[in-house]
Amino acid sequence: MPDNSIGTPLPTEIDTTIAHEARVYDYWLGGKENYPADRALGDIIAGHIPTIKTMARANRAFLGRAVRYLVNEAGITQFLDIGTGIPTAGNTHEVAQQLDPAARIAYVDKDPIVLAHARALMDSTPQGRTQFLHADLHDPRSILDHPALAETLDLSQPVAIMLVAIMMYFHDNDHPEEIIATLLDAVPTGSYLVITHPTADFDPEAMAGVAASAQASGIDFHPRSKSETAALFEGTILVDPGISPVATWRTDLTDRPAAVEDADSAWYWSGIGRKA
């Protein structure tokens, strides 16, 4: 069983009889790497939020716009993408290396289902580099001390830390602010932090149903308010337009013409902060 480089074993067995958050998300995005248990939970959640598939796609579209901003406007060429999930179209390295073939990306996930599909993330331009780290964000040192990280990224130069749709699996007693602070402490001024986070701000009753359904399936799920999401950016300066609905953040950066979504069409907050 592989470990996270500091001695804590990480699971490698895949149980397809129990719903898995990465496979549920894959189902909503129209992927094929999911099983009946995943689709069942996905449909239960869709009963609370009928537009959940649209929301998942909006979150994914934000990722592409964020990477375009970071490469084209912020000059970032290194990415630490944590909680990457099952590979699908528009991965961080695909967007970044299309814009800058020398971009370097380190993906991190603890889940065996993602590890099983990690080879799909390993393609890279000859000029750049793409690597996968089997490590756990609950212990950020397991990421920062992983030997493959130093082989992939130069932490003396600015890095974009990507926490897209991952922090909702951390309750307050997991001390998410401390986890993020540890990551930020490891990168220099001029680095960036990217977060999207589901929220109950748009429809508290529906989101409460989602949280209860996820919990009943063994998945911890903790939506956060706009102010709680903003608190995760401590130590950074938010870039315009600040904490915004994920569907409307910098829609000018989309890779193809599209209608501007309503602000409440996807119940996620999003933002990018620059380390001061």
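Use the structure listed above.
Predicted, not measured: the structure shown is a model, and the values here were computed from it.

Undergrad: Outline unusual backbone geometry, listing residues and values.
TA: Each neighbour pair has its own omega, and for aspartate 240 with proline 241 the value is 10 degrees, a cis peptide bond. Tracing the backbone through its elements, the reader meets proline 241 in the loop between β6 (236-238) and β7 (244-245). Here the phi dihedral of alanine 165 falls at roughly 55 degrees; this positive angle occurs in a residue that is not glycine. Its location among the elements puts alanine 165 in the loop between β4 (160-164) and α8 (176-185). A residue is classified by how much of its surface remains accessible, and alanine 165, at 14% relative accessible area, is buried. Within the chain, histidine 175 stands out as a residue other than glycine whose phi angle is a positive 55 degrees. Mapped onto the elements of the fold, histidine 175 is located in the loop between β4 and α8. The class of histidine 175 is partly exposed, set by a relative accessible area of 40%.

Undergrad: Mind laying out the nonpolar core, listing which residues take part and the relevant values?
TA: In terms of nonpolar packing, the biggest core is built from 85 residues, with Leu70, Phe79, Leu137 and Leu163 touching the most fellow members. With sequence-adjacent residues up to four places away left out, leucine 70 is seen in contact with Gly75, Ile76, Phe79, Ala160, Met162, Tyr192, Val194 and Ile272.

Undergrad: Requested: an account of the pattern of salt bridges, with residues and values cited.
TA: Using the criterion set out here, one finds five salt bridges in the structure. The partner of aspartate 145 in a salt bridge is arginine 141, and the shortest N-O contact between them spans 2.7 Å. Of the residues examined, aspartate 145 reaches a relative accessible area of 39% and is grouped as partly exposed. You can call arginine 141 partly exposed: its relative accessible area is 38%. Its salt-bridge partner being arginine 250, residue aspartate 252 comes within 2.8 Å of it at the nearest N-O pair. On the basis of relative accessible area, arginine 250 is assigned to the buried category, the value being 19%.

Undergrad: Quick rundown of the environment of histidine 134? Include the residues and the values.
TA: By secondary structure assignment, the location of histidine 134 is in strand β3 (residues 129-134). Looking at histidine 134, the relative accessible area reads 7%, which means it is buried. When the C-alpha atoms of histidine 134 and valine 114 are compared, they prove to be 9.1 Å apart, with 20 residues separating the residues in sequence. For histidine 134, the side chain forms a polar contact with the main-chain oxygen of lysine 110, separated by 3.0 Å.

Undergrad: Could you give an account of the pairing of strand β1 (residues 78-82), with specific residues and numbers?
TA: For β1, a buried count of five out of five residues is recorded, marking the element as mostly surrounded by other parts of the structure. The alternating pattern of β1 places Gln78, Leu80 and Ile82 and Phe79 and Asp81 on opposite faces, both of which are buried. Where β1 lies against strand β2 (residues 104-109), five bridges are found, and the strand directions are parallel. Within the sheet, the bridge partner assigned to leucine 80 lies in β2 and is alanine 106. Between the parallel elements β1 and β2, the chain passes through helix α4 (residues 92-99) in a crossover that is right-handed. Judged from the three bridges that link them, β1 and β4 form a sheet pairing that is parallel. By the bridge assignment for β4, aspartate 81 is matched with methionine 162.

Undergrad: Pulling in residues and values, what's your account of helix α9 (residues 204-216)?
TA: For α9, with 13 residues, the first-to-last C-alpha span of 18 Å sits near the 18 Å given by 1.5 Å per residue. Within α9, burial applies to Ala206, Met207, Gly209, Val210, Ala211, Ser213 and Ala214. Taken together, the buried residues of α9 touch α2 (36-48) and β5 (192-198).

Undergrad: Can you tell me about the environment of alanine 247, naming the residues and giving the values?
TA: Along the chain, alanine 247 falls in the loop between β7 and β8 (268-275). Alanine 247 sits in the buried class, given a relative accessible area of 6%. For alanine 247 and phenylalanine 62, which are 185 residues apart along the polypeptide, the C-alpha to C-alpha distance reads 7.1 Å.

Undergrad: Outline the packing of helix α1 (residues 21-28) against α2, supporting the account with residue identities and numerical values.
TA: Viewed as axis vectors pointing N to C, α1 and α2 meet at an angle of 65 degrees, and their least axial separation amounts to 9 Å. Relative to α2, α1 is oriented roughly perpendicular. Two packed elements cross with a definite hand, and for α1 against α2 that hand is right-handed. The residues of α2 that touch α1, namely those facing Arg23, Val24, Tyr27 and Trp28, are Asp38, Arg39, Leu41, Gly42, Asp43 and Ile45. Of the residues assigned to the contact of α1 with α2, the class counts are five nonpolar, one polar and four charged.

Criteria and thresholds
- Residues numbered from 1 in each chain as written.
- Predicted model: local features only at pLDDT ≥ 70, side-chain atom pairs only at ≥ 80, totals over all residues.
- Heavy atoms only, no water.
- Helix = DSSP H or I, 4+ residues; strand = E, 2+ residues; numbered from the N terminus.
- Buried < 20%, exposed > 50% of the residue type's maximum accessible area, 1.4 Å probe, protein only.
- Core = buried A, V, L, I, M, F, W, Y, C linked by side-chain atoms within 4.5 Å.
- Contact = heavy atoms within 4.5 Å.
- Salt bridge = Lys/Arg side-chain N within 4 Å of Asp/Glu carboxyl O.
- Polar contact = N/O pair within 3.5 Å; in protein donor to acceptor, adjacent residues only side chain to side chain.
- Pairing = 2+ DSSP bridges.
- Right-handed = clockwise from strand over helix to strand, strands pointing away.
- Expected span 1.5 Å × (residues − 1).
- Axes fitted to C-alpha atoms, helices over the stretch in contact; angles between N-to-C directions.
- Parallel < 35°, antiparallel > 145°, perpendicular 65-115°, else oblique.
- Left-handed = near helix turned anticlockwise from the far one by under 90°.
- Nonpolar A, V, L, I, M, F, W, Y, C, P; charged D, E, K, R; others polar.

All we've got here are geometric facts, nothing functional implied.
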